[in-house]
Amino acid sequence: MSLESKYNLKSPGVKRLMREAVELANPTEEYFATPLEDNLFEWHFTVRGPSATEFEGGYYHGRILLPSQYPMQPPNIILLTPNGRFEVNKKICLSISGHHPETWQPSWSIRTALLALIAFMPTPSAGTIGSLDYTPDERRILALKSKNWECTTCGKIAEKLENAGKIDAQPELTQEESTLIKQIALKAEEDANRKMVSSEPKIENVTSDEENTLRQRINPTVNTEPVINVETTVQRSNSDKLWTAAIWILITIIVLLIIRRIFLS
Amino acid sequence: MRMGDNNEGGLGTSKDEPQMNQDEMILAQQRQIEKEISDSIPLVGSLEPLESLNKEYLTDTVYLEKVKDLAKKYKFMRRTRPDGNCFFRAFSYANVEILTGKKEEFEEFYKLAENSKNALVELGFQQFTVEDFYDTYMEVLKRIKTAPTVEESKNELHTLFNEQGFSDYMVVYLRLLTSGQLQKEEDFYSCFIEGHRTVADFCHQEVEPMYKESDHIHIIAACAALNTGVRVVYMDRGTGKSCTEHDLPEGCTPTVHLLYRPGHYDILYP
Ligand SMILES: [Zn+2]
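Rules and cut-offs
Residues numbered from 1 in each chain as written. Chains lettered and ligands numbered in written order. Predicted model: local features only at pLDDT ≥ 70, side-chain atom pairs only at ≥ 80, totals over all residues. Heavy atoms only, no water. UniProt positions renumbered as here; feature names shortened; annotations may be inferred. Helix = DSSP H or I, 4+ residues; strand = E, 2+ residues; numbered from the N terminus. Buried < 20%, exposed > 50% of the residue type's maximum accessible area, 1.4 Å probe, protein only. Contact = heavy atoms within 4.5 Å. Areas by Shrake-Rupley, 256 points an atom, 1.4 Å probe, with all protein chains shown as cover. Salt bridge = Lys/Arg side-chain N within 4 Å of Asp/Glu carboxyl O. Axes fitted to C-alpha atoms, helices over the stretch in contact; angles between N-to-C directions. Parallel < 35°, antiparallel > 145°, perpendicular 65-115°, else oblique. Left-handed = near helix turned anticlockwise from the far one by under 90°. Nonpolar A, V, L, I, M, F, W, Y, C, P; charged D, E, K, R; others polar. Donors = N, O, S within 2.8 Å, 3.2 Å for Na, K, Ca; no water. Tetrahedral: all angles 85-135°; square planar, octahedral: opposite > 155°, others 65-115°. Pairing = 2+ DSSP bridges.

The name that an unreviewed UniProt entry assigns to chain B is Ubiquitin thioesterase, with the source organism given as Brassicogethes aeneus. Its UniProt record gives chain B a comment under Catalytic activity (unreviewed entry), which states: "Thiol-dependent hydrolysis of ester, thioester, amide, peptide and isopeptide bonds formed by the C-terminal Gly of ubiquitin (a 76-residue protein attached to proteins as an intracellular targeting signal)."

Chain A goes by UBC core domain-containing protein in an unreviewed UniProt entry, where it is assigned to Brassicogethes aeneus.

With that out of the way, let us pick up the overall build of chain B. In terms of regular secondary structure, chain B is built from 11 helices and six strands. Along the three orthogonal principal directions, the C-alpha set of chain B runs to about 70 × 50 × 40 Å. Here chain B holds 270 residues, and the buried ones make up 51% of them. Sequence separation of 24 or more characterises 73% of the internal contacts of chain B that already satisfy a separation of 6 or more. Surface exposure of chain B reaches about 13300 Å², of which carbon and sulfur atoms provide 51%.

Across its full length, chain A holds eight helices and eight strands. When burial is assessed residue by residue, chain A has 51% of its 265 residues classed as buried. Intrachain contacts of chain A at a sequence separation of at least 6 include 69% that bridge at least 24 residues. For chain A, the exposed area adds up to about 12500 Å²; of that, 56% sits on carbon and sulfur atoms.

With that settled, consider the pattern of salt bridges. A side chain of one charge can pair with a side chain of the opposite charge when the charged atoms of the two come close. The final tally for this structure, using the stated rule, is 27 salt bridges over all chains. The closest approach of N and O atoms between A:K15 and B:E139, which form a salt bridge, is 3.1 Å. Placement of the pair is A:K15 in helix α2 (residues 12-23) and B:E139 in helix α6 (residues 127-145), with the two residues belonging to separate chains. Judged by relative accessible area, B:E139 falls into the partly exposed class, the value being 25%. Residues participating in the shared-partner salt-bridge network are A:R16, A:R19, A:E20, B:D132 and B:D135.

We now examine the UniProt feature "site: Interacts with free ubiquitin" (unreviewed entry) in chain B. Residue and element names in this part refer to chain B. Here the UniProt feature "site: Interacts with free ubiquitin" (unreviewed entry) sits at I220, Y234, D236, Y260 and Y265. Its place among the elements puts Y265 in strand β6 (residues 264-269). The residues touching Y265, leaving out its near neighbours within four places in the chain, are T80, C86, F87, S214, I219, V232, L258, L259 and Y260.

All names here are of chain B. Where helix α3 (residues 86-99) contacts helix α7 (residues 150-161), the two axes come as close as 10 Å, and the packing angle between them is 165°. Classed by the angle they form, the pair α3 and α7 counts as roughly antiparallel. Here α3 and α7 pass one another in a crossing that is right-handed. Within the contact between the two elements, α3 uses R89, S92, Y93, V96 and E97 and α7 uses K154, L157, H158 and F161. Across the contact of α3 with α7, the residue classes break down as four nonpolar, two polar and three charged.

Residue and element names in this part refer to chain A. For the zinc ion, every protein donor is listed as H44 (ND1), H61 (NE2), C151 (SG) and C154 (SG), and the spread of their distances is 2.0 to 2.3 Å. Classification of the site at the zinc ion as tetrahedral follows from its four donor atoms and the range of 103 to 114° in their angles at the metal. Between consecutive donors of the zinc ion, the numbers of intervening residues give the motif H-x16-H-x89-C-x2-C. Placement of the pair is H61 in strand β3 (residues 59-65) and C151 in strand β6 (residues 150-151), with a sequence separation of 90 residues. We classify H61 as buried; its relative accessible area is 2%. The exposure class of C151 is buried, given its relative accessible area of 5%.

Residue and element names in this part refer to chain B. Reading across from one edge, β1-β2-β6-β5-β3-β4 is the order of the six strands in this open sheet, with mixed pairing throughout. Every other strand in the sheet has two partners, leaving β1 (44-49) and β4 (244-248) as the edge strands with one partner each. Strand-to-strand twist across the sheet, computed as the mean angle between neighbouring axes with direction ignored, equals 30°. Its contacts with the sheet put α3 on β1, β2 (76-80), β3 (230-234), β5 (256-261) and β6, and the angle it makes with β6 is roughly 15°. Against the sheet, helix α11 (residues 216-226) makes contact with β3, β4 and β6, and its axis sits at roughly 45° relative to β4, the strand it touches most.

This is the structure we're talking about:
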């Protein structure tokens, strides 16, 4: 079915996503992202693990969920490939470090989000929601394994970037962008704050033929020095912590009861 | 799992985290409630007589006095949604509304807008996102400008500014223009910024993100960017029976008139 019949092409948000699809149509060595065939508001992406880190050689695949108010609201990223840095199947979103997700800027894009993700991977997890603290060795093993990982929708994911090759003469990342990317923090969504689920539009078929016609103007040589100000807020997964505490308390009580019974009998 | 499902009772009282989380939950809840109220108010309302303000202050003599004073100079007002974008939305709307009756001035403003994009790209904003906002901004201006009658221009303006997509794009582009202006005249504006932030930092944190409220500095820069002047009429609990007026930039002949009550801007009409 044609795009025109599925989306309101006059809507600025739809126009914007179509533009981004064209912008990102060709894979670079660092990343690739494309909307699902049947939903402009869900994309799948692959990023290459930053070199000189324990993610080097890894290929990480995931989903990007765009809220209906995109680009006024930030995209959500969900990693699918086990990586040892972020939990898989959990929404993480972008914000400037130390601020709320409201500081997302509409002039950022899906590309900004992907660059930020790549730059953010090697930073310490600092106990934020959705972060994992695997050892470098564990991450290296996962990076190696990721080459054979397959997405149920996209299939083998490593090939796309491997075949990207060097696309010549791409303009530099603007200075503004590289500064911003370093300031962006990723963290899991604080569920109660926003009703993301309800705001995701349910839209059917899209085909985007013109996607392949335009060449991407983006420089893949991202500045990945990991000098990111990592957020030190202690927003852990409350529910998980409470559940763990509850389970331990229960176990203790049971053990005490058993001991008491043994000694009393 | 939702945060609201957490059961605080008796658990984890030895740590201070749950306390903090509870505060956060309350804050989040408050934000949600505020958002729901705000969403029920039109982005830009219809013209109302100024006296409609009285309804808000039935027993509040300080404010009632001030409304009376305000009514000497202004007959009508137009409310905007209190979502943190109200200054940018109100200013953008009022500015274009005034132009609808004035062909030459509209044409002049249109040209100014047409030439505004490159400066932003030069400042380092991503070209394709700037283009995205710019294109919609120009499209909206064009649709209003080319409507066959003034009446239809005004209707188009009102319709487009109440369509979330278009309306927010107008806000974003004015935020970008304001940020561009601040960064262009960095030396001048840097002395108004408190703390150790650079003008660029200030722009990234307080100007470019949506829903961030506006201060004097935003207004002065926005006026400079659109080459217009604004009179802001302050109505608060302060002493005296009259409202204070501020022309921004100082000494200008203001075209747009805005009513400021703590945290919010609406449009005023003489
Ligand atoms: Zn996939």
